[in-house]
Structure formats: C-alpha cells, structure tokens
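Residue-level listing of the chains:
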Amino acid sequence: MCCESDPPGETVLALSESTKILVVEDEAISAMDLRQHLEEFGYTVTGIAASCEQALGLCDRAPPDIVLMDIVLRGERDGIEAATLIRDQHDIPVVYLTAYGDEGTVRRAREAMPCGFLVKPFRPDEIRATIEVSLFRHRLERKKLRQSERWFAKTLHCVSDGVIASDEAGVLRFINPVAEGIVGCRYDQALGRPVDEVLRLVDECTGRPIELPLSLIHISEPTRRTPISYAVFCL
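Residues numbered from 1 in each chain as written. Predicted model: local features only at pLDDT ≥ 70, side-chain atom pairs only at ≥ 80, totals over all residues. Heavy atoms only, no water.

Draft legend 1. Spatial organisation of the overall build of the protein. The helix and strand inventory of the protein stands at eight helices and 10 strands. Counting only residues that meet the buried cut, the protein has 41% of its 235 residues in that class. Counting only contacts in the protein whose residues sit at least 6 apart along the sequence, the fraction spanning at least 24 positions is 54%. Of the roughly 13600 Å² that the protein leaves accessible, carbon and sulfur atoms contribute 53%. (Helix = DSSP H or I, 4+ residues; strand = E, 2+ residues; numbered from the N terminus. Buried < 20%, exposed > 50% of the residue type's maximum accessible area, 1.4 Å probe, protein only. Contact = heavy atoms within 4.5 Å. Areas by Shrake-Rupley, 256 points an atom, 1.4 Å probe, with all protein chains shown as cover.)

Draft legend 2. Region of the structure containing the packing of aromatic side chains. Within the structure shown, the criterion is met by one aromatic pair. Here F41 and Y43 contribute two aromatic rings whose centre-to-centre distance is 6.4 Å and whose plane-to-plane angle is 70 degrees, an arrangement assigned as edge-to-face. Judged by its relative accessible area of 24%, F41 falls in the partly exposed class. (Phe/Tyr/Trp six-rings, centres within 6.5 Å; stacked < 30°, edge-to-face > 60°.)

Draft legend 3. Looking closely at the state of the cysteines. Inspection of every chain in the model, using the stated rule, returns zero disulfides. The thiol of C59 is not disulfide-bonded; the next cysteine sulfur, from C52, is found 9.6 Å away. Judged by its relative accessible area of 0%, C59 falls in the buried class. (Disulfide = S-S within 2.5 Å.)

Draft legend 4. The pattern of salt bridges, seen in detail. Counted under the stated rule, the structure contains nine salt bridges. Between K120 and D70 there is a salt bridge, with its nearest N and O atoms 3.5 Å apart. Taken as a pair, K120 in the loop between β6 (116-119) and α5 (124-158) and D70 in strand β4 (residues 66-70) lie far apart in primary sequence, 50 residues in all. According to the relative accessible area criterion, K120 is partly exposed, its value standing at 22%. Two residues, R186 and D188, come together in a salt bridge whose shortest N-O distance is 3.2 Å. Judged by relative accessible area, R186 falls into the partly exposed class, the value being 47%. (Salt bridge = Lys/Arg side-chain N within 4 Å of Asp/Glu carboxyl O.)

Draft legend 5. Structural detail: unusual backbone geometry. We note that D91 has phi near 55 degrees; this positive angle belongs to a residue other than glycine. Relative to the elements of secondary structure, D91 occurs in the loop between α3 (79-90) and β5 (94-98). For D91, a relative accessible area of 36% gives the class partly exposed.

These figures come from the coordinates and say nothing about function on their own.
Okay, here's the thing in structure tokens:
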C-alpha cells in the first residue's frame, strides 16, 4: 500500500542501529498501525511491502533482522511462498501475521518453517514478545549450526581419504587436505569455484566425463589398479 509520498505498495525508511523489521502487509491501515506500534517499541521499520515481489526487493536492498509477513498478499504468490523464498535466499526469520487460524492454513504455513505465528487481531505486547522470542531462536539455531559445521569440518580434516563438499549450486564449499593432494588444488584456490572445475572424473571405459552429483564427495587415494575411486553422500 502507498504511504505518504513513497511509490505505491512500498515504503522504504532510513535504517538505524535498532532491530530492523520489514512489514509485508497489503492492507494500508493495518500496515501503518503495525509500523506505529513497532516504532513505539524502538524498532526500525525498514520498509512496507504489499506483495511477494516487493518484499524480496526490499530484502535485497535493505536486509532486515526479521520479517512480519501477512499470509494473504496481492499477486500470484502469497506470504507463505514469500517467506520460503526469503528464508532460502537471505536466511532471515519470518513471523506470520494472519486472520486465518484454520488447520489447513497453519499446516501449510509450518512447512515454510516460520519462527512465529500471530493470529489477528493481536495485542501490541504479543507482537513484541513474538519478535524477541523469534530473534532469539533464530540466533540460537545459527549458533548451533556454526558449531556443528566447525565440528564437521574438523572431523573431515582428520579422515584418511579425500572429501569435497559443494552447495546446491555446485559451488565448492569444503575440501580437506587429502583431497587437496589428490586434485592438486589448495583450499584457498578451490573455495568458491564450481566443483567440476576442481575435480574432473572420466569413465575408464568410454573416456567420457562423469557428471558429479551436488553433495558430499568422498574420494580415495589413487593406486596402480584403481586410478581414483569416489563415493557421494547426500547432506
């Protein structure tokens, strides 16, 4: 919705050091009322969007700390799809705002793994409590993930065979010292490159390149009888 002199459907505000919140709500009165409560609590509203596309654009330009997302939005994509895209592209926690508390809506919303769920009408103190709890949970989950990644990396550094890991796009994210020796490429040289540039495998019989699945690749030291062997593990 249009607010003041900003473009229709979108409002961008100045950032501050306080918690930054993006509001995704296609009802102008509800959006302005929510912004007022948030600013009274000391939060900074980075923008107001009325559609999935506008929300994604605001997250790209001014990433917030958390998103308050109405499930019903303008356009073909609703708030649940918008929340899924924001989570996957930006790893930003999302709290749903909805007037629909039926089991079907709640079940579908949970599949996008939101950090919170508020059913309209809600009290201002409920908004603040949900935001704080959601931010705490998200930070705790990220901390646990970092700890798990560090433990996993240390473990893979100690194994006797080579290990290479890539993300969903096929970009190399990890290579242990043994794999560095096998492929002849150091960690700092390999990190961020397409995994098929670092590790090229060909079929012994046909000589054709072997397409590598995008996951965790385990490779053994080459021998005379077996030039190289590998296994793939899904993460």
